[in-house]
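Analysis of the macromolecular model
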Amino acid sequence: MPPAHPPGGNSGGTPPPPSSRDDSEIRYRALVETIPHGILELDAKGTITFANSAHARIYGYRADAMVGRSILDQCANDKERLRVKAHLAFIMDQQPHPTPWYGVDRTRDGRLINTQVEWNYRLDSGGAIVGLIAVTSDITHRKRAEKALTDNLSFMNTLIDTIPNPVFYKDQQGYFLGCNVAYAETLGLTKERILGRRLIDLQTTLQSDMAEHYHRQDLLLIQNTGIQTHEEKIRCADGVHRIFELNKATFSDAEDQVAGLVGIMLDITERKQALKALKESQDLFEAFMRHLPGLAFMKDPNGVYLYVNNSFSHYSGLRALDQIGLSDQQLWDASTAEALQANDRVVLDSKTAQSHMETVQLSDHEKRYLLTARFPVFKDNLLFAPVSYT
């Protein structure tokens, strides 16, 4: 009798179980359709032979509508098409090692998108190249973010270079991350020569021991985060020694970890020289007044004493410091105070120098007859006080 079932068959018409090859095909298809990146198969001429649904979504087409189209149809313009066509010909002719391709494409609705394409060769069963497999990513948002970051960095560099004071910033090891033109000119180096190096690595006008000193200060500040302000005398690129006020502060990264420090240098040489000249002038004035045998004083417009010399103190019987801030009524008798203030008003009203014969009763109750010359002092074009000598 013939067998009840054909060899290899099954009863009840149940289909045979799927083979391992079928399982692999199913898994492959599921994986390709799950990946969020566009996947293409191309022949040697750049014609699309397969496109997954993600690729179709990127360009606004149905997946089956893309099969048979050329990848040149996706290009943003004629210039981009020529570039892609030339690169495809180069790939198929020279067979270089695959490297990412960056292009600009146009979607179905006319939008321009930036794309990154990772690709590899597609081989037949004999190992011959018959086309390409490409994975496309829409990097438009990334490109916009990169451009915004680049624009921001460009703006910050321009802003920093506009600052006339030397500005610099370093990482946590003291290596320069950046500086402005003023800082580079102070050291006598180009910005390119400074970036990526430490101060102790640079051949500058700074002596090596001073460079070590500044470097140690920077590392100490980074270890003990905060703000540091100090003055330094620095020999600049032009050979001139200048006094700078250095203001430095640490900065943190996105994870709130200390990332380095930023500093700005203020040239206070002229300020220091002006203060020195002022001090010398004050010392000279004090020396002159201290040894002047005549009485000298200065009042504000309200008649309050701002300054008296030693001779004036001798006659009044009070120390010079004890008289500062007092008025004539507090130093003299009523009639004397009234007469002195009347003479003050003549000078203040006329805004000219005046001489007066005055009688003053001193602390020993003796009267003194004084020839007093008063003259006004102007400050910011305003009458400041009468200054007198006797």
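Here, the structure is the one placed above.
Structural notes, computed from the coordinates. It should be emphasised that the depicted structure is a prediction, and the values quoted were computed from it without experimental measurement.

Looking at the environment of Met 289
Checked against the element boundaries, Met 289 lands in helix α9 (residues 269–291). Met 289 sits 19 residues away from Val 308 along the chain, and the two C-alpha atoms are 8.7 Å apart. Apart from residues lying up to four places away in sequence, Met 289 is in contact with Ala 296, Tyr 307 and Asn 309.

Observations regarding the sheet that holds strand β1 (residues 38–43)
Within a sheet, each strand pairs with its neighbour through backbone hydrogen bonds, oriented either parallel or antiparallel. Spatially, 5 strands are ordered β2-β1-β5-β4-β3 in an open sheet, and the strand pairing comes out antiparallel. In the strand order of this sheet, the two ends are held by β2 (48–51) and β3 (101–106), each with one partner. Between one strand axis and the next, the sheet turns by 30° as a mean value, whatever way the strands run. Relative to strand β5 (residues 129–138), strand β4 (residues 112–123) runs antiparallel, the two sharing 9 bridges.

Some remarks on the layout of surface pockets
Roughly 210 Å³ of internal volume is contained in the largest pocket. Lining the largest pocket, in full, are Asn 152, Leu 153, Met 156, Asn 157, Ile 160, Tyr 169, Phe 251 and Val 262. In terms of residue count, helix α5 (residues 140–162) provides more of the lining of the largest pocket than any other element does, 5 residues in total. Its residues assigned to classes, the lining of the largest pocket comprises 6 nonpolar, 2 polar and no charged. Approximately 150 Å³ is the volume found for the second largest pocket. Forming the boundary of the second largest pocket are 13 residues, of which Thr 186, Cys 236, Arg 242, Phe 244 and Asp 267 lie nearest the centre.

Concerning the side chain of Glu 358
Position of Glu 358 relative to the elements: it lies in strand β13 (residues 354–361). With a relative accessible area of 6%, Glu 358 lands in the buried category. Side chain to side chain, Glu 358 and Thr 372 meet in a polar contact 2.8 Å long. For Glu 358, the residues in contact, after removing those within four places along its chain, are Leu 340, Asn 343, Arg 368, Tyr 369, Leu 370, Thr 372 and Arg 374.

Some details on the pairing of β4
Bridging between β3 and β4 involves 6 bridges; their strand directions are antiparallel. The residue bridging Tyr 102 from the neighbouring strand is Gln 116, located in β4. In this structure, the hairpin formed by β3 and β4 is closed by a connection of 5 residues, where Gly 110 is found at a positive phi of approximately 95°. Where β4 folds back onto β5 in an antiparallel hairpin, the turn is made up of 5 residues, including Gly 127, whose phi is positive at roughly 90°.

Re the packing of aromatic side chains
According to the stated counting rule, one finds 9 aromatic pairs in the structure shown. Measuring from ring centre to ring centre gives 5.7 Å for Phe 176 and Tyr 183, while their planes differ by 50°; the resulting arrangement is tilted. Where Phe 285 meets Tyr 307, the ring centres are 5.4 Å apart and the plane angle is 50°; that geometry is what we call tilted. Of the two residues, Phe 285 sits in helix α9 while Tyr 307 sits in strand β12 (residues 305–308), which places them 22 residues apart along the sequence. Classification of Phe 285 by relative accessible area gives partly exposed; the value is 35%. A relative accessible area of 16% places Tyr 307 in the buried class. By the ring-pair criterion, three or more aromatic residues cluster together here, those being Phe 297, Tyr 305, Phe 312 and Trp 332. The aromatic ring of Tyr 61 is capped on one face by Arg 69, whose charged end is 4.7 Å from the ring centroid.

Calculation rules
- In every chain, residue numbers begin from 1 and rise along the written sequence.
- The model is predicted, so local features are restricted to residues of pLDDT at least 70 and side-chain atom pairs to those at 80 or more, both for listing and for counting; the totals for chains, interfaces and linings are taken over all residues.
- Remark: hydrogens and water are excluded; side-chain values derive from all non-hydrogen atoms of the structure.
- We count a stretch as a helix when DSSP gives it H or I for four or more residues in a row; a strand needs E for two or more, and each element gets its number in order from the N terminus.
- The contact criterion used throughout is that any non-hydrogen atoms of two residues lie within 4.5 Å.
- Strand pairing is defined by DSSP finding a minimum of two bridges between the two strands.
- Lines fitted to C-alpha atoms define the axes, with helix axes restricted to the stretch in contact, and inter-axis angles between N-to-C directions lie between 0 and 180 degrees.
- Using only the protein atoms, space was sampled on a 1 Å grid; points where a 1.4 Å probe fits but cannot get out form cavities, open sets with protein on both sides within 12 Å along at least five of seven lines form pockets, and lining residues are those with an atom within 4 Å of a point.
- Grid points are joined across faces, edges and corners, and a volume is the space filled by probe spheres set on the points.
- Polar here means any residue other than Ala, Val, Leu, Ile, Met, Phe, Trp, Tyr, Cys and Pro, which are nonpolar, and Asp, Glu, Lys and Arg, which are charged; Gly is therefore polar.
- The buried label goes to any residue with under 20% of its type's maximum accessible area, the exposed label to any with over 50%, and the partly exposed label to all in between, with areas taken from a 1.4 Å probe on protein chains only.
- For the purposes of these results, a polar contact is taken to be a pair of N or O atoms within 3.5 Å, where, inside protein, one atom must be able to donate a hydrogen and its partner to accept one; residues adjacent in sequence count only when each atom of the pair is a side-chain atom.
- In this scheme Phe, Tyr and Trp rings, the latter by its six-membered ring, pair at centre separations within 6.5 Å, and the angle between planes marks the pair as stacked below 30 degrees, edge-to-face above 60, and tilted otherwise.
- Only Lys NZ and Arg CZ are tested; either one counts as a charge over a ring when it is within 6 Å of the ring centre and within 35 degrees of the ring normal.

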